[in-house]
Every structure is written in C-alpha cells, then in structure tokens.
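For reference, the chains in residue letters:
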Amino acid sequence: MSAELSLPSLAGVPIARSPDDLRTWTATQRASGRRISFVPTMGALHAGHMALVDHARERAEAVVVSVFVNPLQFGPREDLDAYPRTLPADAELCRAHGVGLIFAPTAAAMYPGGFETHVEPGALAERWCGASRPGHFRGVATVVAKLLNLVMADVAVFGEKDWQQLQVIARMSRDLNHPTEIVGVPTLREPDGLALSSRNVFLTSEERRGARSIPDALREAQDKASAGECDAARLIAAIVGRVSDAGGRVDFVGIVDPETLVSCSSIDGPAQVLIAAYFGSTRLIDNARLTSAQSRSVGV
Ligand code: PAF
C-alpha cells in the first residue's frame, strides 16, 4: 500500500496531520518524479485562495495546501479564537481544484512542548502592519520557514493582497537559502473591487458597503498618479479622506518602494500604496501599484 493511500482523507483529499505524514507523502511524490507546489493558508478558503491553488497547479504536478491557523502571528487582543475554521468546506474546494494533499496539523504538532526557536525578520517587518501588530511577522516568518522546510516544494505561492507579508517572506527565504521559489499572485476582488479576504465574513452589510471605499480610493490614487500627481502626501490625504468618509478607521496609508517598503515622498518610479483600515472591528488590508506619468513615459 502506498503512503498516500494510508492517509485519512476529507472530501476525497488526503490529509496529513503530522509533519511525518506530510514528509512521507511528499517523498512519494518526488520519488515518482513529480514537482511539488505549495500554498500555505490559514483555511476559510475562498476564491482568492483558489486562484493561488490554480497557479500552483500550473507550476507543478502535485499541490500541497496547508491549513493552519498559526497562533504565533496573532497578538493577545486579536481574533485568533474567532478566526473562521471551515476544514470540511476547505477540503471540498481543494478537491474541486485538484489539490493532492492538505496539511492540517494541530498547534501541538507544529509547536511541541519546549519549542523556543523563532525567525526574526528585519526592518521590512517593523513598519506598516508590523508597527500595528507587534510580533505578527515574527510569527508569520517562523511558521512559513517551518512549512517551507517541511514541504520542500519547488514553488510556494502567496497572495499579493498581503503585500508586506510577501516581501517579508521573499526576503526571509533568500536570507535563509530556502530552495523553494516564492511566487506572488495578484489579488482577486469582488465585483465592486473589495479584495477577497477570509475576514470579509465579519463585516455587517453597512460595513461591507463602506469597505468598497478602500479599492475605490486606491483606484482614484492610481488614476491621479497616472495623470501626473506625484506628491505622496496629497495622494495619502485623499485616500484617508475617502475611507474615513465611508465610516472606516484608517490604521495607516503609506506610499512606499515596492520592495523595501520605505516611504516615498514623491512618485517618480514604481511605488506601492499600502492601506490598513478598520470597518467596525474588522481590519482590512489592501494595496495597489502606482505608476507615475513620468515613469510611464520612460517605460519604468
Ligand atoms: O497569509 C496567510 O494566510 C498566513 O499569514 C500564512 C502565510 C499562511 C502563514 O500563517
């Protein structure tokens, strides 16, 4: 009997609950000559995650999805307990999208007694979400480093919605010489532009109506930048105004270098606008690329 067949399954998708089971399954895949791609998630899967899975499937024959609500990346007053957990529905989606294995470990399997080693990201993780959520990226970097070591995938796929997270992970993976290629996939959006997120389910209908001001404000900033507005402070003030007028409580808006995430005062090359805002108690994040009229004309 193959190692794959000896695993339990949910909705027809094999599930590994322990690092050993995961490693046995990935070893079998590699021995059969299959490349492995990996999509790390915290579950509550939606179409945005499935776009990552579809991309992962194009890049390798065997796709592993991890479903693990990582306690290390939640602060003491954050929504760890309330975070949606929907494993049976997640497994159905995984089946429909051709996932080969779900890795759904317990917290004790990931962080057994005596666990005390963490990955400490650098300056990239200190600003923006890192300033609002102290310790968050240390938790993300630690779990992603462990997951990358366990899966040893050829490719790992992350959403660009979490732009800062993607930069922190790409940096960590380069710094720690992970052999896995880190790939970002563009954000999937609702018809009105709101970025898909597992946290959108927490929005009341009034908050949901207000939340569309986030993509609206980002699009407006993109239009203004393309039309020649290059003053970052003015663009930021307009975004803050629009989201606040719609009932949002802005945590931050930044216009930054896309890779270093250092603030820019003027848009004279590629820049990324980052936003985090609360609607009710739900914290939403989003981002967009700004391209100045000047850089477009010189082909940046
Ligand atoms: O983006 C997420 O869902 C999480 O931060 C990740 C990358 C799965 C680590 O827990």
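Note: the structure precedes this text.
Residues numbered from 1 in each chain as written. Predicted model: local features only at pLDDT ≥ 70, side-chain atom pairs only at ≥ 80, totals over all residues. Heavy atoms only, no water.

Before going further, it helps to spend a moment on the packing of aromatic side chains. The final tally for this structure, using the stated rule, is four aromatic pairs. Ring geometry for Phe68 and Tyr111: centres 6.1 Å apart, planes at 50 degrees, overall tilted. A residue pair is termed long-range when its members are at least 10 positions apart, and Phe68 in the loop between strand S4 (62–67) and helix H3 (87–96) and Tyr111 in the loop between helix H4 (107–110) and helix H5 (129–132) qualify at 43 residues. The exposure classification of Phe68 matches that of Tyr111, with both residues buried. Aromatic side chains Trp128 and Phe252 sit 5.5 Å apart centroid to centroid with 50 degrees between the ring planes, which places their arrangement in the tilted category. Of this pair, Trp128 sits in the loop between H4 and H5 while Phe252 sits in strand S8 (residues 249–256); the two residues are 124 residues apart in sequence, bridging distant segments of the chain. The exposure class of Phe252 is buried, given its relative accessible area of 11%. An aromatic cluster of three or more residues is present, and its members are Phe68, Tyr111 and Phe115. The cationic tip of Arg249 hangs over the ring face of Tyr278; the distance from NZ or CZ to the ring centre is 4.3 Å. (Phe/Tyr/Trp six-rings, centres within 6.5 Å; stacked < 30°, edge-to-face > 60°. Helix = DSSP H or I, 4+ residues; strand = E, 2+ residues; numbered from the N terminus. Buried < 20%, exposed > 50% of the residue type's maximum accessible area, 1.4 Å probe, protein only. Lys NZ or Arg CZ within 6 Å of the ring centre and 35° of its normal.)

Every residue close to the ligand is listed here: Pro40, Thr41, Met42, Asn70, Gln73, Val143, Val144 and Gln165. Here Gln73 contributes a side-chain N or O atom positioned 2.6 Å from an oxygen atom of the ligand. Contact distances for the ligand include 2.7 Å between an oxygen atom and a side-chain N or O atom of Gln165. In isolation the ligand exposes 290 Å². Once the protein is present, 88% of that is buried. Secondary-structure elements contributing two or more residues to the shell around the ligand are strand S3 (36–41) and helix H6 (136–151). Of the residues that constitute the shell around the ligand, the class distribution is four nonpolar, four polar and no charged. (Near = heavy atom within 4 Å. Polar contact = N/O pair within 3.5 Å; in protein donor to acceptor, adjacent residues only side chain to side chain. Areas by Shrake-Rupley, 256 points an atom, 1.4 Å probe, with all protein chains shown as cover. Nonpolar A, V, L, I, M, F, W, Y, C, P; charged D, E, K, R; others polar.)

Contact pair helix H9 (residues 213–226) / helix H10 (residues 232–245): the axes reach a minimum separation of 9 Å and the direction vectors enclose 155 degrees. Classed by the angle they form, the pair H9 and H10 counts as roughly antiparallel. Considering how the two elements wind past one another, H9 and H10 form a crossing that is right-handed. Mapping the contact onto sequence places Ser213, Ile214, Asp216, Ala217, Leu218, Glu220, Ala221 and Lys224 in H9 and Leu235, Ala238, Ile239, Arg242 and Val243 in H10. Looking at the contact of H9 with H10 residue by residue, the classes come out as eight nonpolar, one polar and four charged. (Axes fitted to C-alpha atoms, helices over the stretch in contact; angles between N-to-C directions. Parallel < 35°, antiparallel > 145°, perpendicular 65-115°, else oblique. Left-handed = near helix turned anticlockwise from the far one by under 90°. Contact = heavy atoms within 4.5 Å.)

Below, the discussion takes up the sheet that holds strand S2 (residues 13–16). Spatial ordering of the open sheet is given by S1-S2-S5-S4-S3-S6-S7, a layout of seven strands whose pairing is mixed. Where the open sheet ends on each side, the last strands, each with one partner, are strand S1 (9–10) and strand S7 (181–185). Inspection of the sheet shows S3 paired to S4 by six bridges, in the parallel sense. Pairing of Phe38 across the sheet is with Val64, part of S4. Strands in contact with helix H7 (residues 163–175) are strand S6 (155–159) and S7; relative to S7, the strand with the most contacts, it is inclined by about 170 degrees. (Pairing = 2+ DSSP bridges.)

The values are spatial; any link to function lies outside them.
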